[in-house]
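Examination of the molecular architecture
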Amino acid sequence: HINTAAIGQFYHVAISPKKPYWVVGGLQDNGTWAGPAISRTGGSINEDWISVGGGDGFICRVDLNDPDLMYFESQNGNFSRRHLKTGERASIRPQREKGVEYRFNWEAPFLLSSHNSKIFYGAGNYVFRSLDRGSSLRRISPEITRTPRGSASDLAESPVDSNVLYVGTDDGALWVTIDGGSNWTDISANLNAPK
């Protein structure tokens, strides 16, 4: 074992526009890590990488307007953010509502709006939005799953229109909103997929 190369198998990677650019990635059973694509000595080595978050590392995102602000998750929708320069850390979770159950996928989808990086979206059996980097996460959709065990498996925002969002679930539902989450349409039937 030669402990000189930073090697791992990532579920997901994101790029930070730091100079030199950084790579942020989520690893199974090994958290989320960030490091420069190249170091002062050439190739990236273990000492160049820092742990951003724990748990199983999955999706990660970088605020392109503040490349030291990184978002990451661990299993079951445990979203978080960390600012590398200030040291600020925050958990991003929706507030519980009486009589409402939240379910998240093992690898729950989330994104930062490409139109405004302060807007955070995450999805479980509902779609959630925050206008303040995840500090206040609110439900903006109806129940989007077909079954009592379903949860979101993908989430996408239109790069052209910030009001258009799509969300898909692991039990075969597909929804769209064209007004920023005020109204949602189940478009699953349009897929003509077998039951």
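A brief report on the enclosed structure follows. (Residues numbered from 1 in each chain as written. Predicted model: local features only at pLDDT ≥ 70, side-chain atom pairs only at ≥ 80, totals over all residues. Heavy atoms only, no water.)

Details of the environment of alanine 189
Counting through the fold element by element, alanine 189 comes out in the segment after strand E16 (185-186). Since its relative accessible area comes to 63%, alanine 189 is described here as exposed. (Helix = DSSP H or I, 4+ residues; strand = E, 2+ residues; numbered from the N terminus. Buried < 20%, exposed > 50% of the residue type's maximum accessible area, 1.4 Å probe, protein only.)

Focus: the environment of valine 167
Summarising the element assignment, valine 167 is placed in strand E14 (residues 165-169). On the basis of relative accessibility, which here comes to 0%, the residue valine 167 falls in the buried class. It is 13 Å that separates the C-alpha atoms of valine 167 and arginine 146, two residues lying 21 residues apart in sequence. Once residues within four sequence positions are removed from consideration, valine 167 is found in contact with Ala123, Val127, Ile144, Ala152, Asp154, Leu155, Ala173, Leu174, Trp175 and Trp184. (Contact = heavy atoms within 4.5 Å.)

Overview of the sheet that holds E14
Within the open sheet, the four strands sit side by side as E13-E14-E15-E16. Their pairing is antiparallel. Strands with a single pairing partner mark the edges of an open sheet, and in this sheet they are strand E13 (152-157) and E16. With four bridges connecting them, E14 and strand E15 (residues 174-177) associate as antiparallel partners. Counted as the bridge partner of leucine 165 is threonine 177 from E15. (Pairing = 2+ DSSP bridges.)

Brief notes about the sheet that holds strand E7 (residues 78-83)
What holds strands together in a sheet is hydrogen bonding between their backbones, with the strands either parallel or antiparallel. Reading across the sheet, the four strands line up as E5-E6-E7-E8 and stay open at both edges, with antiparallel pairing between neighbours. The open sheet terminates on both sides in strands that have one partner only, identified here as strand E5 (60-62) and strand E8 (89-92). Neighbour-to-neighbour, the strand axes of this sheet turn through a mean angle of 20 degrees, independent of strand direction. (Axes fitted to C-alpha atoms, helices over the stretch in contact; angles between N-to-C directions.)

Considerations on the packing of aromatic side chains
The tally for this structure, following the rule as stated, stands at twelve aromatic pairs. Pairing tyrosine 102 with tyrosine 126 gives two aromatic rings, centres 5.9 Å apart and planes at 80 degrees, and the pair type is edge-to-face. Here tyrosine 102, found in the loop between E8 and strand E9 (110-112), pairs with tyrosine 126, found in the loop between strand E10 (120-123) and strand E11 (127-130); they are 24 residues apart in sequence, far enough to count as distant. Three or more aromatic residues joined by ring pairs make a cluster, and in this case those are Tyr71, Phe79, Tyr102, Phe104, Phe110, Phe120, Tyr126 and Phe128. The cationic tip of lysine 18 hangs over the ring face of tryptophan 22; the distance from NZ or CZ to the ring centre is 4.9 Å. Over the face of the ring belonging to tyrosine 126 we find arginine 139, whose NZ or CZ atom lies 4.7 Å from the ring centre. (Phe/Tyr/Trp six-rings, centres within 6.5 Å; stacked < 30°, edge-to-face > 60°. Lys NZ or Arg CZ within 6 Å of the ring centre and 35° of its normal.)

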